[in-house]
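Close look at the chain arrangement
Residue-level listing of the chains:
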Amino acid sequence: MPVDKSLLTGSTALLVMKLLEEGDKYGYQMVDELRRRSENVFELRSGTLYPLLHTLEQKGWITSWEETAGSTRPRRYYHLTDQGRRQLAEKEEAWHTYAHAMEKILRGGEGYA
């Protein structure tokens, strides 16, 4: 069953920042990693990813640079800043609180710790 895309609203930045916490990545690498780890649930399009990356960079949460490897065209890599790491921790905590509350409601509020 396809997942309602509106459920992703607000969590895309969290997902991207979490990937960057593990190490610097370029755009397609992030798209591929999200799709693979989520078993094809999260399939970001470049029209969604790149504006998000630009916004995160404007906020100072990530930085970017270009690198050319051999004869391939340059790739833009993204890096999570210290400020971004602090924001990621806050977003993760907020997400866990939200998910826990949703589970309690969806399970009827009983027997869920």
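Above: the structure in question.
Everything numeric in this text was worked out from a predicted model, so none of it was measured.

1. Some points on the pairing of strand 3 (residues 75-80)
As defined by bridge partners, strand 1 (residues 25-26) adjoins strand 3 across two bridges and the pair is classed as antiparallel. The residue of strand 3 that forms the bridge with Y26 is Y77. Pairing of strand 2 (residues 62-67) with strand 3 involves six bridges; the strand directions are antiparallel. Bridge pairing in strand 3 links T63 to H79.

2. Considerations on the packing of helix 1 (residues 12-21) against helix 4 (residues 82-106)
At a minimum axis distance of 10 Å, the contact between helix 1 and helix 4 shows a crossing angle of 130°. For the element pair helix 1 / helix 4, the angle class is oblique. Between helix 1 and helix 4 lies a crossing whose hand is left-handed. When helix 1 is examined against helix 4, the residues A13, L14, M17, K18 and E21 are found in contact with a partner set consisting of G84, R85, Q87, L88, K91, E92 and W95. Of the residues that constitute the contact of helix 1 with helix 4, the class distribution is five nonpolar, two polar and five charged.

3. Let's talk about the pattern of salt bridges
Going through the model one piece at a time under the given rule, you end up with eight salt bridges. The closest approach of N and O atoms between R37 and E33, which form a salt bridge, is 2.6 Å. Residue R37 and its partner E33 are located together in helix 2 (residues 27-37), separated by four residues, close to a single helical turn. Through salt bridges with shared partners, one network takes in E22, E33, R36 and R37.

4. So, the nonpolar core
The biggest cluster of nonpolar side chains holds 19 residues, and the ones touching the most others in it are V16, L20, M30, L53, L56 and I62. Every element with two or more residues in this core is listed here: helix 1, helix 2, helix 3 (46-58) and strand 3. The leading source of residues in this core is helix 1, at six residues. Aside from chain neighbours lying at most four places away, what touches I62 is L20, L53, L56, E57, Y78, H79, L80 and T81.

5. Here we look at the sheet that holds strand 3
Taken together, the three strands give an open sheet; going across it, the order is 1-3-2, and neighbouring strands pair in antiparallel fashion. Lying at the two open borders of the sheet, with one neighbouring strand each, are strand 1 and strand 2. Together, strand 2 and strand 3 form the strand contacts of helix 3, whose direction differs from that of strand 2 by roughly 120°.

6. Some details on unusual backbone geometry
A positive phi is found at E39, a non-glycine position, where the angle reads about 55°. Relative to the helices and strands, E39 is located in the loop between helix 2 and helix 3. With a phi close to 70°, N40 is a non-glycine residue in the positive phi region. A relative accessible area of 48% means that N40 is categorised as partly exposed.

7. Concerning helix 1
Counted residue by residue, helix 1 has seven buried out of ten residues, so it is predominantly covered. Every buried residue of helix 1 is accounted for by T12, A13, L14, V16, M17, L19 and L20. Where helix 1 is buried, its residues touch strand 1, helix 2, helix 3, strand 2, strand 3 and helix 4. Looking one or two residues past helix 1, G23 carries a phi angle of roughly 150°, positive in sign.

Thresholds applied
- Residues numbered from 1 in each chain as written.
- Predicted model: local features only at pLDDT ≥ 70, side-chain atom pairs only at ≥ 80, totals over all residues.
- Heavy atoms only, no water.
- Pairing = 2+ DSSP bridges.
- Helix = DSSP H or I, 4+ residues; strand = E, 2+ residues; numbered from the N terminus.
- Axes fitted to C-alpha atoms, helices over the stretch in contact; angles between N-to-C directions.
- Parallel < 35°, antiparallel > 145°, perpendicular 65-115°, else oblique.
- Left-handed = near helix turned anticlockwise from the far one by under 90°.
- Contact = heavy atoms within 4.5 Å.
- Nonpolar A, V, L, I, M, F, W, Y, C, P; charged D, E, K, R; others polar.
- Salt bridge = Lys/Arg side-chain N within 4 Å of Asp/Glu carboxyl O.
- Core = buried A, V, L, I, M, F, W, Y, C linked by side-chain atoms within 4.5 Å.
- Buried < 20%, exposed > 50% of the residue type's maximum accessible area, 1.4 Å probe, protein only.

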